[in-house]
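Here are the chains, one letter per residue:
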Amino acid sequence: MATQTDDHYLAGLDLVGRRVVVVGAGPVAQRRLPRLINAGATVEVIAPQATPAVEALADSGEISWSRREYRDGDLDGAWYVVAATSSDDVNAAVGAEAERDRVFCVRSDNATEGSAVTPAVAEHDGLLLGVLAGGRPRRSAGVRDALLEAMQAGVVDEHPEPNAPGVALIGGGPGAPDLITVRGRRLLAKADVVITDHLAPRELLEELGSHVEVIDASKIPYGRSASQSVINETLIEEVRAGKFVARLKGGDPYVFGRGFEELLACAEAGVPVTVVPGITSAFSAPAMADVPVTHRGVAHEAVVVSGHVAPDDERSLVDWEALARLRGTLVLLMAVQRIEAFAEVLIKNGRPADTPVAVVQEATTGTQRSLKTTLAQVAEDVRTHDIKPPAVVVIGPVAGLKP
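Quick notes on the rules
Residues numbered from 1 in each chain as written. Predicted model: local features only at pLDDT ≥ 70, side-chain atom pairs only at ≥ 80, totals over all residues. Heavy atoms only, no water. Pairing = 2+ DSSP bridges. Helix = DSSP H or I, 4+ residues; strand = E, 2+ residues; numbered from the N terminus. Axes fitted to C-alpha atoms, helices over the stretch in contact; angles between N-to-C directions. Contact = heavy atoms within 4.5 Å. Buried < 20%, exposed > 50% of the residue type's maximum accessible area, 1.4 Å probe, protein only. Right-handed = clockwise from strand over helix to strand, strands pointing away. Parallel < 35°, antiparallel > 145°, perpendicular 65-115°, else oblique. Left-handed = near helix turned anticlockwise from the far one by under 90°. Nonpolar A, V, L, I, M, F, W, Y, C, P; charged D, E, K, R; others polar. Phe/Tyr/Trp six-rings, centres within 6.5 Å; stacked < 30°, edge-to-face > 60°. Lys NZ or Arg CZ within 6 Å of the ring centre and 35° of its normal. Domains from an automatic or database assignment. Buried area = accessible area lost by both parts, 1.4 Å probe. Salt bridge = Lys/Arg side-chain N within 4 Å of Asp/Glu carboxyl O. Polar contact = N/O pair within 3.5 Å; in protein donor to acceptor, adjacent residues only side chain to side chain.

### A closer look at the sheet that holds strand S15 (residues 356–361)
Across a sheet, paired strands are connected by hydrogen bonds in the backbone, their directions being either parallel or antiparallel. With mixed pairing, 5 strands are arranged side by side in an open sheet as S13-S14-S17-S15-S16. Unpaired on one side and paired on the other, strand S13 (302–306) and strand S16 (369–374) mark the two borders of the sheet. For this sheet, the mean inter-axis angle between neighbouring strands, taken without regard to orientation, is 20°. Sheet strands in contact with helix H8 (residues 281–288) are S13, strand S14 (329–333), S15 and strand S17 (391–395), and its direction is about 80° off that of S17.

### Quick look at the pairing of S14
Of all 5 residues making up S14, 5 are buried, and the element is well covered by its neighbours. Here S14 shows two buried faces, one formed by Thr329, Val331 and Leu333 and the other by Leu330 and Leu332. Inspection of the sheet shows S13 paired to S14 by 5 bridges, in the parallel sense. The partner of serine 306 across the bridge, within S14, is leucine 333. Where the polypeptide runs from S13 across helix H9 (residues 320–325) and back to S14, its parallel neighbour, the crossover connection is right-handed. Bridge analysis of S14 against S17 gives 4 bridges, and the strand direction is antiparallel. When the sheet's bridge partners are listed, leucine 333 is paired in S17 with valine 392.

### Topic: the packing of helix H6 (residues 228–240) against helix H7 (residues 259–268)
The interhelical angle for the contact between H6 and H7, taken along N-to-C directions, is 45°, at an axis separation of 10 Å. Considered as vectors, H6 and H7 are oriented oblique to each other. As H6 packs across H7, the resulting crossing turns out to be right-handed. For the pair H6 and H7, contact is made by Gln228, Ile231, Asn232, Leu235 and Ile236 and by Glu261, Glu262, Ala265 and Cys266, respectively. When grouped by side-chain class, the residues that make up the contact of H6 with H7 number 5 nonpolar, 2 polar and 2 charged.

### With respect to the packing of aromatic side chains
The tally for this structure, following the rule as stated, stands at 2 aromatic pairs. The interplanar angle of 85° and the centroid separation of 5.7 Å between the aromatic rings of tyrosine 254 and phenylalanine 260 together place this pair among those described as edge-to-face. According to the relative accessible area criterion, tyrosine 254 is partly exposed, its value standing at 41%. Plain terms: the ring middles of tryptophan 320 and phenylalanine 342 are 4.9 Å apart, the flat faces sit at 15° to each other, and that makes the pair stacked. Placement of the pair is tryptophan 320 in helix H9 and phenylalanine 342 in helix H10 (residues 339–348), with a sequence separation of 22 residues. Given a relative accessible area of 5%, tryptophan 320 falls into the buried group. In this arrangement the basic side chain of arginine 18 is found over the ring face of tryptophan 79, its NZ or CZ atom lying 4.3 Å from the centre.

### A few points about unusual backbone geometry
At the junction of proline 389 and proline 390, the peptide bond is cis and its omega measures out at 0° in the coordinates. Residue placement: proline 390 occurs in the loop between helix H11 (378–384) and S17. Although it is not a glycine, aspartate 290 adopts a positive phi angle of roughly 60°. Looking at aspartate 290, the relative accessible area reads 48%, which means it is partly exposed. Backbone geometry places glutamate 362, a non-glycine residue, at a positive phi of 50°. Tracing the backbone shows glutamate 362 in the loop between S15 and S16. Taking the relative accessible area as the measure of exposure, glutamate 362 reaches 26% and is therefore partly exposed.

### Focus on the domain arrangement of the protein
For the protein, the assigned domains are domain 1 (19–118), domain 2 (166–276) and domain 3 (282–400). Here domain 2 and domain 3 have C-alpha centroids that lie 28 Å from each other. Each side of the interface is counted separately: domain 2 has 9 residues, and domain 3 has 15 residues. Both faces combined, the contact of domain 2 with domain 3 buries some 860 Å², and carbon together with sulfur accounts for 72% of it. Counting across the domain 2 and domain 3 interface gives 0 salt bridges. Linking domain 2 with domain 3 are 1 residue pair in polar contact (both at pLDDT 80 or more), by the criterion used here. Here the residues of the side of domain 2 that touches domain 3 sort into 8 nonpolar, 1 polar and no charged.

### Comments concerning the side chain of threonine 234
Within the element layout of this structure, threonine 234 appears in helix H6. Filtering out sequence-adjacent residues up to four positions away, threonine 234 remains in contact with Ile195 and Ile215.

Here it is, written out as structure tokens:
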């Protein structure tokens, strides 16, 4: 058995269609299998028992599973081996056979006894990062995480060439800057122009380079607003000027964010668009106030409703009578100004007046506030506590749950 030193040779293996044997089907194997599958390897797991996740991979046909103990000769024809059992003796036997057959083998129990080690790995925009630290996994993982964060934030520019002109339609999440998606943050860092609004995470703008032009397209609730047609025209004009434009929105672009309107306008003008979903405040805001929108035995439905027009407004597309008959969760967005009208129509059509209600203002930010009340009392409590937009209203039994 060869003994490793701290000096390893880092190489990328082409495992497409090649046999890889994983001995063991516990938590360690569970962590290793997805990347082997994604690499296109033909993976055989040998173990008498498996975790539910490994068993699911076998049931779906992504791996084969020999439900038995390891036997000498199991590595015939293998290109790569992972010894990941809970038995040091079995792992040693697997390693000995691999050494005899000249097959590289990773030992999960003792990395220095194997002929290969698994680096700390991460993927980023088509790059595969691997870090080795001479058998010190915490160090390699720490360096990997730092590199990944630097790339995601744009501190390390792995694409020295500029992005091709186009639009990235980015959901910024509910408000906290660290709740934007990894892809959203990466594309934001590549932008020449950022068109943003009031609900997008403002702190993210501080990270932009001095060369980036920021255009304020704020739609402050019930206040001044930029015409949607002007925003559409600005997106198209900037791209035609050769710019890569990030359209940064709060929440998710397609949840009452007019994102699809902007995509349609760009598509009609022949402007390419990349859509980056975001965490919607409809579900994240209640979560920050310890309100689950669904809970087993309490709510089997969650309906998200726009409150930008009153129930009796001819523009309303909402069937409030039907909503009042539901027993699950109603999540109202843009509803603070008209909360009295919404409460009245729900009670009038059968929703109990004592239905629990939670209202969460500016969720995930340092100014977050929330209150718990009832459907009959919510309008008065909103006025008393001076709740202002942006706020999310949750109506239903889940609003009365306590941690």
